[in-house]
Amino acid sequence: MKKIREKITRYATQKVTPVTEKKYVQDNQKTILNAIVLILFFTLTPLLSSAQTHRYQISLLTCDPGEELYSSFGHSALRVLDMETGKDLVFNWGTFDFDDPNFYLKFTQGRLDYFLSLSTFEQFLYHYRYFERGVREQVLNLSPEQVERTVALLNQNARPENIYYRYDFFYDNCSTRIRDIMEAVLGRNLDWNEPVEEEAKTFRDLIFEYVYRLPWADFGIDLALGSVIDQEASEREKQFLPDYMEAAFARAEIVGDGPSRLLAQPARIVLDYPLVDQENEVFNPHLVFWLVAIGFILLTYVGYKKHRLFAGADVALFAVLGLIGVVITFLWFFTEHTTTVYNWNILWAFPAHLVLLYGLTMKTPAAWVKQYLFFAMLLANLTLVFWILGFQDFHSSIIPILLIIILRSNYLYYNLERLRFNKTAERVRG
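What you see is a predicted model, and the numbers here were worked out from it, not measured in a lab.

S.K.: I'd like a description of the packing of helix α6 (residues 174-186) against helix α9 (residues 242-251), backed by residues and values.
M.R.: Relative to each other, α6 and α9 sit at 25 degrees, their axes nearing to 10 Å. It follows from the interaxial angle that α6 and α9 lie roughly parallel. For the pair α6 and α9, the crossing hand works out as left-handed. Note on element contacts: α9 touches α6 through P242, M245 and F249, opposite S175, I178, R179 and M182. Of the residues belonging to the contact of α6 with α9, the class tally is five nonpolar, one polar and one charged.

Right under this line is the structure:
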């Protein structure tokens, strides 16, 4: 640029003869024009480059939990705003197809594929306005190169052949997909800045924070999921929950590419609705199971006084327990779920309990029936041992169920001869 200016000055001070005056004027104009073009080029190129690289604004959207079980844990998505065209898209990994003809079968077997869907920001907000669920936005402090890599990775994910993925509630869901993209883009430049003295929580503890006001759902989750969710979750693993990922993004830092900076700007409230304070259900598992337990205690007392067994109630009891055991066995051994294995609820809800439907209705109960009753009582006591030793954290409402199993197995074990004697006597009288 300095040489150009010197050249312009030299031409301006040069003595001009009449013969070369016309040529000089033309050459001078041409040189000045070239100089102006060069000045504009070096001045505007950085502006054009800056405008191109700051074209997109990427932000994390975090949505409050809903009232239904499937929405009880909240939701996460990525917003990409094209500052140049105004195109405003949301990348959402939390969609699935209800119209799939094998939807329930795939869901039960753990083979249900979720997929990445795109919608406009307004379409995305419409859903949450309708259900009155809050939405917050954290704009990410990415460099132009990091924005470019993020957009490229999102476009790659949005290809038809890449949109589907095998959903896993704890390890591969709408939140973890976003976390994984940030780690892929930033690599070692991403410091999660994890708190040192954070309270230790298991995956089961984390779930309970969201479903404790849905007592039957809480019981069902504890019944279906095995001991693998009783391991302590790391701070990174906690990000399977949108609220925890929002907090992680707020404290995370981008380092090593200049001055350290926060990964995300402070959250901006997009939609503000109060969290629904659901009332505890009156007929929750604890109340229902304790009422049933009291009923069995009274039935046993009356049977003891009147020398009767009331074995029909036991047939119904062990039928229910056996069917629950069949479901647990199916989820453990015949599905692709990673969290339904090693489920020691199978100790008290044992599928073989179904054999008592036949054994307790025999005209003359066989010797194996008494032996199996002792086995059922042993399994119920073993459940308590597993609980005390920390092999699995069982739902507290199974305490009355264990009490019923131990009480009735013990009562039938020591009084089954009465049933055998009474039926034999009735047959002789007949």
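Still more to cover.
S.K.: Mind laying out the packing of aromatic side chains, listing which residues take part and the relevant values?
M.R.: For any pair of aromatic rings, the description consists of the separation of the ring centres together with the inter-plane angle of the planes. By the definition in use, this model includes 31 aromatic pairs. When the centroid spacing of 6.3 Å and the interplanar angle of 55 degrees are considered together, the rings of F170 and Y171 count as tilted. We classify F170 as buried; its relative accessible area is 4%. What links up through ring pairs into an aromatic cluster is the set F73, F169, F170, Y171, F203, Y210 and F240. Cation over ring: R79 sits above F121, and NZ or CZ is 3.7 Å from the ring centre.

S.K.: Can you break down the sheet that holds strand β9 (residues 261-262) residue by residue, with the values?
M.R.: In space, the three strands of this open sheet follow the order β7-β8-β9, with antiparallel pairing throughout. For this open sheet the edge positions go to β7 (190-191) and β9, each flanked by a neighbour on one side alone. Sheet topology note: the β7/strand β8 (residues 253-254) ladder contains two bridges and is antiparallel. The residue of β8 that forms the bridge with L190 is I254.

S.K.: Describe a nonpolar patch on the surface, listing the residues and the values that go with them.
M.R.: Taken together, the side chains of V282, F283, L287, L291, I294 and L298 define a hydrophobic patch exposed on the protein surface, amounting to about 600 Å² of accessible area. The residue L287 is located in helix α10 (residues 285-306) in this model.

S.K.: Lay out the pattern of salt bridges in plain terms, naming residues and giving numbers.
M.R.: Inspection of every chain in the model, using the stated rule, returns 22 salt bridges. Two residues, D172 and R177, come together in a salt bridge whose shortest N-O distance is 2.8 Å. Through salt bridges with shared partners, a single network forms among D64, R136, D243 and E246.

S.K.: Outline the environment of A313, listing residues and values.
M.R.: Along the chain, the position of A313 falls in helix α11 (residues 311-333). A sequence separation of 17 residues divides A313 from F296, and the C-alpha atoms of the two residues are 8.3 Å apart. Other than its neighbours up to four places away in sequence, A313 contacts F296 and L299.

What counts and how
Residues numbered from 1 in each chain as written. Predicted model: local features only at pLDDT ≥ 70, side-chain atom pairs only at ≥ 80, totals over all residues. Heavy atoms only, no water. Axes fitted to C-alpha atoms, helices over the stretch in contact; angles between N-to-C directions. Helix = DSSP H or I, 4+ residues; strand = E, 2+ residues; numbered from the N terminus. Parallel < 35°, antiparallel > 145°, perpendicular 65-115°, else oblique. Left-handed = near helix turned anticlockwise from the far one by under 90°. Contact = heavy atoms within 4.5 Å. Nonpolar A, V, L, I, M, F, W, Y, C, P; charged D, E, K, R; others polar. Phe/Tyr/Trp six-rings, centres within 6.5 Å; stacked < 30°, edge-to-face > 60°. Buried < 20%, exposed > 50% of the residue type's maximum accessible area, 1.4 Å probe, protein only. Lys NZ or Arg CZ within 6 Å of the ring centre and 35° of its normal. Pairing = 2+ DSSP bridges. Patch = residues over 30% accessible without salt bridge, like charges linked within 9 Å, V, L, I, M, F, W, Y side chains within 5 Å. Areas by Shrake-Rupley, 256 points an atom, 1.4 Å probe, with all protein chains shown as cover. Salt bridge = Lys/Arg side-chain N within 4 Å of Asp/Glu carboxyl O.

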